[in-house]
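Breakdown of the fold
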Amino acid sequence: MFQADRRDLACHLIRLDSPKELDHPRVVQVPDPDRQDMQFPDIWLRDNCRCKECYLPQTLSRLPQLWNNLDTSVRVLRQSVDVEQQVLYIEWSDGHASQYPYNWLRERDFSAANRQRYLSEFYRPEQKLWSGQNFEEVRRVFYFQELITSDSALLQWLQHLAVYGVALVKEAPLEMDVLRRLSNRVGFMRRTTYGEEFSVRAQPGASNYAYLAAPLPLHTDMPYFEYLPGVTLLHTLEQSASPGGVNLLADAFYVAEMMRERHPNQFRALCQTPVDWADIGSDGDLQFHNIWQAPVINLDAEGRCVRINHSIPQRDSHFSVPMEQVRPWYEAMATFVGLAQEHSCRFKTTPGDVLTFDNLRLVHGRTGYDDTDRNVRHILGAFVDWDIVYSRLRVLRNATAPGAP
Ligand SMILES: [Zn+2]
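Predicted, not measured: the structure shown is a model, and the values here were computed from it.

Under the definition given, this model contains 14 aromatic pairs. With a centroid separation of 5.5 Å and an interplanar angle of 65°, the aromatic rings of Tyr194 and Phe288 are classed as edge-to-face. Within this pair, whereas Tyr194 is found in the loop between α8 (178-186) and β11 (197-200), its partner Phe288 is found in strand β16 (residues 286-294), the two being separated by 94 residues in sequence. Both residues of the pair, Tyr194 and Phe288, belong to the buried class. Between Phe319 and Trp329, the aromatic rings sit 5.3 Å apart at their centres with planes inclined by 75°, giving edge-to-face as the arrangement. Taken as a pair, Phe319 in the loop between β18 (305-308) and α11 (326-342) and Trp329 in helix α11 lie far apart in primary sequence, 10 residues in all. An aromatic cluster is built from Phe40, Trp44, Tyr100, Trp104 and Phe110, whose rings are joined through pairwise contacts. Above the face of the Tyr55 ring, Arg50 is positioned so that its terminal group lies 3.9 Å from the ring centre. The residue whose ring lies beneath Arg377 is Tyr369, and the NZ or CZ to ring-centre distance is 5.1 Å.

Here you go:
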């Protein structure tokens, strides 16, 4: 692909062919000893020039001048590599000159394998979906004190949470600040209309359905927010001595994938029918009127599940869709709810447990219970956002194995 010129070789410089004219976008091919050639679109290289005019190292960010009048026809006039120093040099048609270190290029190579490596190893760990029938293989225990004192334990907890969507923390003290201490290890808590930390205890005249002792069917927390909290933390201070109060948990992405395969029309109905979600009322002095319209199954640009919205009490009686979409949605939803129950797991937390799970992916609930004068089930809850969790995960990983910035 490239031709060596004797004079250039003397100073380890190798002149390379111009980018392939036929390809659109034009591709710069960069030889890498012992590996496959790397490939980059020429305009991307120009945009990502590392010189002082184009890049500010102290903020690790691009300077905007090039974009004041971006010349999309900019092309490579000359390119060469210094094999010894591992640098790519490019002279551009706009008179600019750029150089790129090989280690920086390798991290950004456009080959399919490298992009996949970056996405699954660095961007976000790949999720592994599960049925409640296999919950024993997914269930993993972490210890509160270790998470507070050890970065490597912290990393493993967050990694497990990202991959499986659930992790159980044990041996937390029966104190009110446990969730704050845990959240502060990650970053910070997410505040909602119910405050930063909320107390789940059966109360007469409750402001929220979860504050009743009746069975709480599978749901996600706060589907009525556009920016809903990402990770739910539930600290058991006192568990019900009655047979009830059992936790239910299901991986709704697993259920959604099952529907995509077995009930494609119903899957489509749940992806494409916007549903109105609502939480209207007050907590303490704060009055609120939270509504949000979105489907039950939310997909990203590549069709992967990214968020589930589901809560029977918090689904609005407004349903702002054309009439003919209503019945197919109910039929699809009946299948979804049935499959979620079928593939849910059950366990009962004990005092000192902190159940942590992905609120975008899992649905959770509990069976009903009976309080007595001596035994009042008491759970503390809090949220942390996924942006904060993923950020912490990457910082922790970089500290052990410097990666991609
Ligand atoms: Zn530059």
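A full pass over the atoms with the stated rule returns 17 salt bridges. Taking the shortest distance from any N to any O, the salt bridge between Asp32 and Arg35 comes out at 3.6 Å. For the salt bridge of Arg62 with Asp47, the shortest nitrogen-to-oxygen distance reads 3.4 Å. Of this pair, Arg62 sits in strand β5 (residues 61-62) while Asp47 sits in helix α2 (residues 42-47), and the two are 15 residues apart along the sequence. Classification of Arg62 as partly exposed rests on a relative accessible area of 44%.

Calculation rules
- Residues numbered from 1 in each chain as written.
- Predicted model: local features only at pLDDT ≥ 70, side-chain atom pairs only at ≥ 80, totals over all residues.
- Heavy atoms only, no water.
- Phe/Tyr/Trp six-rings, centres within 6.5 Å; stacked < 30°, edge-to-face > 60°.
- Helix = DSSP H or I, 4+ residues; strand = E, 2+ residues; numbered from the N terminus.
- Buried < 20%, exposed > 50% of the residue type's maximum accessible area, 1.4 Å probe, protein only.
- Lys NZ or Arg CZ within 6 Å of the ring centre and 35° of its normal.
- Salt bridge = Lys/Arg side-chain N within 4 Å of Asp/Glu carboxyl O.

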